[in-house]
Amino acid sequence: MAKRTLKKKIHALYKGESRRADRFRYGLLMADLVMVVFLVASSFFYKHPVVQVLNVVFGVYLLVDYMARLWLAEKKIRYLLNPINLADAVAIVSFIAPLLGLDFGFLRVLRIVRLMRSYRLLARLRADFTFFQKNEDIVNSTLNLFIFIFIMTEIVLVTQRGTPGVDNFLDAMYFTITALTTTGFGDITLQGDRGRLVSIVVMIFGVSLFLRLIQTILRPSKVRFVCTECGLYLHEADAVHCKHCGDVLNIPSDGAP
């Protein structure tokens, strides 16, 4: 009975519609944001004892959250194989790995993939913030760009720490941005075969994915405009008729091609 009551309470927090549940999910989001700040700050205090302790603390937090979600999942196997949950599992291992003398630091960044991926959290953000409701696509694209840059920066930092000019997260991000934008000032050059391989990967992604993410922020491929006839709310920017019901749309436009 106690187990069933506990599960019911946890379910109400993770999947409920109450204000208490909303505050709980906002709390999880804030904890994830604090973790992102920690990932950046910890690069300036590499292998400091306090950092090692906080790694374990965050690892335990992630493990508790992961197990709670698994407990609530109706289909356990499907939950375990979900890509986002797999990223969480890898992140948990990466936080605890330093206790075993291993350094999988860049894998910790996979945790931020979950940021704002909860359907209920997105619904709450739409209800609470008019700005988010009007600019959801831009916000999501910006978040995706942030996650992409963050992951590439962590890869550079973990694989190239000690290379002249790469001592902390800021150094790694500086190199990553110059490589992604193909600027290449040349003041930081990754060394060895592994360094060249990392540089190649960063530049390839810069030519393709990075530019695409920038484009989706500056000019999203679809606009949000609710069709009064059928309710479809995503349309091409130049749409005249709703592709679902054919009703005439009057989408506000600046006239740009």
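1. Here's the deal with the overall build of the protein chain
Tallying secondary structure elements over the protein chain gives 10 helices and 2 strands in all. Beginning at the N terminus, the succession of helices and strands in the protein chain can be written as α-α-α-α-α-α-α-α-α-α-β-β. By residue count, 36% of the 257 residues in the protein chain fall in the buried class. Considering only intrachain contacts with a sequence separation of at least 6, the fraction spanning at least 24 residues in the protein chain is 57%. Of the roughly 15300 Å² that the protein chain leaves accessible, carbon and sulfur atoms contribute 66%.

2. Topic: the packing of aromatic side chains
Per the counting criterion, the structure on display carries 5 aromatic pairs. Note on Y14 and F24: the rings are 5.1 Å apart at their centroids and 75 degrees apart in plane angle, and the pair reads as edge-to-face. Taken together, the residues span a long stretch of sequence, with Y14 in helix α1 (residues 2-15) and F24 in helix α2 (residues 19-42) at a distance of 10 residues. Summarising the aromatic geometry, the rings of Y66 and Y79 are spaced 5.5 Å apart at their centres and angled 55 degrees between planes, so their arrangement reads as tilted. Residue Y66 is found in helix α3 (residues 49-72), and its partner Y79 is found in helix α4 (residues 76-81); the two are separated by 13 residues along the sequence. Across the pair, exposure class does not vary: Y66 and Y79 are buried alike.

3. A short note on the packing of α2 against α3
It is the contact of α2 with α3, at a shortest axis distance of 12 Å, that shows an interaxial angle of 150 degrees. The orientation of α2 with respect to α3, classified from their angle, is roughly antiparallel. α3 is crossed by α2, and the crossing has left-handed handedness. Residue-level inspection shows L28, A31, D32, V34, M35, F38 and S42 of α2 in contact with α3, the latter providing V51, L54, N55, F58, Y61, L62, D65 and R69. Class assignment of the residues belonging to the contact of α2 with α3 gives a composition of 10 nonpolar, 2 polar and 3 charged.

4. Focus on the packing of α1 against α3
Running from amino to carboxyl end, α1 crosses α3 at an angle of 105 degrees, the nearest separation of the two axes being 10 Å. Judged on the interaxial angle alone, α3 and α1 are roughly perpendicular. Contacts between α1 and α3 involve K3, L6, K7, I10, H11, Y14 and K15 from the former and D65, A68, R69, W71 and L72 from the latter. For the contact of α1 with α3, the per-class residue count stands at 6 nonpolar, 1 polar and 5 charged.

5. Observations concerning the pattern of salt bridges
The tally for this structure, following the rule as stated, stands at 4 salt bridges. D65 serves as the salt-bridge partner of R69, at 3.1 Å between the closest nitrogen and oxygen. In this pair, R69 and D65 are both assigned in helix α3, 4 residues apart and thus about one turn of the helix distant. Among the residues examined, D65 registers a relative accessible area of 3% and is labelled buried. The residue R196 makes a salt bridge to D193 at a minimum N-O spacing of 3.5 Å. A residue pair is termed a helical-turn pair when its members lie 3 or 4 positions apart in one helix, as R196 and D193 do in helix α10 (residues 192-218) at 3 residues. Residue classification places R196 among the exposed positions, given a relative accessible area of 52%.

6. Digging into α3
The end-to-end C-alpha distance of α3 is 35 Å, a good match for the 34 Å that 24 residues give at a rise of 1.5 Å each. Within α3 the residues assigned to the buried category are V51, N55, F58, G59, L62, D65, Y66, A68, L70 and L72.

7. Observations concerning a positive patch on the surface
On the surface, K3, K7, K15 and K76 cluster together into a positively charged patch. Relative to the helices and strands, K7 resides in helix α1.

8. Considerations on helix α5 (residues 83-96)
The terminal C-alpha atoms of α5 lie 20 Å apart, and with 14 residues this matches the ideal 20 Å at 1.5 Å per residue to within 8%. Those residues of α5 lying buried are N85, A87, D88, A91, I92, S94 and F95.

9. Regarding a nonpolar patch on the surface
Residues V50, V53, L54 and V57 make up a contiguous nonpolar surface patch of about 320 Å² in total accessible area. Looking at where V53 falls in the secondary structure, it is placed in helix α3. Look at V53 and you get exposed, because its relative accessible area is 52%.

Scoring rules and cut-offs
Residues numbered from 1 in each chain as written. Predicted model: local features only at pLDDT ≥ 70, side-chain atom pairs only at ≥ 80, totals over all residues. Heavy atoms only, no water. Helix = DSSP H or I, 4+ residues; strand = E, 2+ residues; numbered from the N terminus. Buried < 20%, exposed > 50% of the residue type's maximum accessible area, 1.4 Å probe, protein only. Contact = heavy atoms within 4.5 Å. Areas by Shrake-Rupley, 256 points an atom, 1.4 Å probe, with all protein chains shown as cover. Phe/Tyr/Trp six-rings, centres within 6.5 Å; stacked < 30°, edge-to-face > 60°. Axes fitted to C-alpha atoms, helices over the stretch in contact; angles between N-to-C directions. Parallel < 35°, antiparallel > 145°, perpendicular 65-115°, else oblique. Left-handed = near helix turned anticlockwise from the far one by under 90°. Nonpolar A, V, L, I, M, F, W, Y, C, P; charged D, E, K, R; others polar. Salt bridge = Lys/Arg side-chain N within 4 Å of Asp/Glu carboxyl O. Expected span 1.5 Å × (residues − 1). Patch = residues over 30% accessible without salt bridge, like charges linked within 9 Å, V, L, I, M, F, W, Y side chains within 5 Å. Lys, Arg positive; Asp, Glu negative; His and termini not counted. Charge placed at Lys NZ, Arg CZ, Asp CG, Glu CD.

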